[in-house]
Every structure is written in structure tokens, then in C-alpha cells.
Amino acid sequence: KELYEDITGKRKVRAFNGRKVLCMAIIWALHLTPRLALDLPETVALDLGLPPQQLKKGLEFVGCTVNEDRLPEGQGAGAVFKAKLEGPPKLNRGHWEGGKGGGKGKKRGRE
């Protein structure tokens, strides 16, 4: 049930949420590493059917810092994403609480 979302008006039909699956897979992979770090060639994104930048965004979303390095000559073409978990993801509270901006400070007229 976590990987699907309800569709309004349809009780027996659900929509698959690929973004949740990507985040869950990244978190599980990080959990399995002793350094909480991954080196992923961009071919991993292609194997998952994603554009490489979407994989990079997924890594950043869960709290990783991501450096993109080019593979040396003779080891293939493309880039390698070197991701290290630095901490929990940063949540834009202002967006999710219905306000505008980054959620910093009080809004005028409210107490």
C-alpha cells in the first residue's frame, strides 16, 4: 500500500508512485553500506528507466550530497554519482504548511 496512491472516486484502482519507490530503494541501498555512501554510474539510472538527473535528484532528496565525476578513459562513457548521506532531508515547511517561502519567521498579521 505504501507504493501506491488512492485515486479519488475509484476504490479498487490505485496509481503506482515511482518517486516513493526510488526514495525507498536509495534509503535501503544506503542502509546496506557501512559508510552510508554510494558510487553509482549513470547506467544505473538508465537500467531503472530514469534520466540520470532524476536519480541525482532522488539522492539529494533523501539527504545525500552528490558529486558527479566522469569515468576515466577506457572504463566506459558517462558519469558516476558519488553520494554520501549527510543528514535527514531538508523539508520546506513553509510549502507544506500552506505558506509561501521557506517557513522562516512569522507571517504578518498572525500571532
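Above: the structure in question.
Residues numbered from 1 in each chain as written. Predicted model: local features only at pLDDT ≥ 70, side-chain atom pairs only at ≥ 80, totals over all residues. Heavy atoms only, no water.

*Asks:* In this structure, what is going on with the pairing of strand β1 (residues 4-7)? I would like to understand it.
*Replies:* Along a regular strand, successive side chains alternate from one face of the sheet to the other. The sheet contact formed by β1 and strand β2 (residues 10-16) spans 4 bridges and is antiparallel. Looking across to β2, one finds that E5 is bridged to A15. The loop that links β1 with its antiparallel partner β2 comprises 2 residues; one of these, G9, has a positive phi angle of about 90°. (Pairing = 2+ DSSP bridges. Helix = DSSP H or I, 4+ residues; strand = E, 2+ residues; numbered from the N terminus.)

*Asks:* Teacher, can you tell me more about the environment of R70 here?
*Replies:* If you trace the backbone, R70 turns up in strand β4 (residues 64-70). Accessibility expressed as a relative area gives 60% for R70, which makes it exposed. Along the primary structure R70 and E42 are separated by 28 residues, whereas in three dimensions their C-alpha atoms are 9.9 Å apart. Beyond its immediate chain neighbours, meaning those up to four positions away, R70 contacts G78 and A79. (Buried < 20%, exposed > 50% of the residue type's maximum accessible area, 1.4 Å probe, protein only. Contact = heavy atoms within 4.5 Å.)

*Asks:* Before we go on, may I ask you to explain the packing of helix α1 (residues 18-31) against helix α3 (residues 52-61) in this structure?
*Replies:* To describe two helices that pack against each other, one gives the angle between their axes and the distance between the axes. Relative to each other, α1 and α3 sit at 65°, their axes nearing to 9 Å. Along this stretch, α1 crosses α3, giving a crossing that reads as right-handed. Only Q54, L55, G58, L59 and F61 of α3 make contact with α1, whose side of the interface consists of L22, C23 and I26. Its residues assigned to classes, the contact of α1 with α3 comprises 6 nonpolar, 2 polar and no charged. (Axes fitted to C-alpha atoms, helices over the stretch in contact; angles between N-to-C directions. Left-handed = near helix turned anticlockwise from the far one by under 90°. Nonpolar A, V, L, I, M, F, W, Y, C, P; charged D, E, K, R; others polar.)

*Asks:* For this particular structure, what's the right way to read the pattern of salt bridges?
*Replies:* Charged atoms that come close allow side chains of opposite charge to pair. Inspection of every chain in the model, using the stated rule, returns 2 salt bridges. Between K82 and D39 there is a salt bridge, and its shortest N-O distance comes to 3.7 Å. Here D39 lies in strand β3 (residues 37-41) and K82 lies in strand β5 (residues 79-85), a separation of 43 residues in the sequence. The exposure class of D39 is partly exposed, given its relative accessible area of 45%. K56 is the partner of E68 in a salt bridge, and the nearest nitrogen-oxygen pair spans 3.7 Å. With E68 in strand β4 and K56 in helix α3, this pair connects stretches of sequence that are 12 residues apart. (Salt bridge = Lys/Arg side-chain N within 4 Å of Asp/Glu carboxyl O.)

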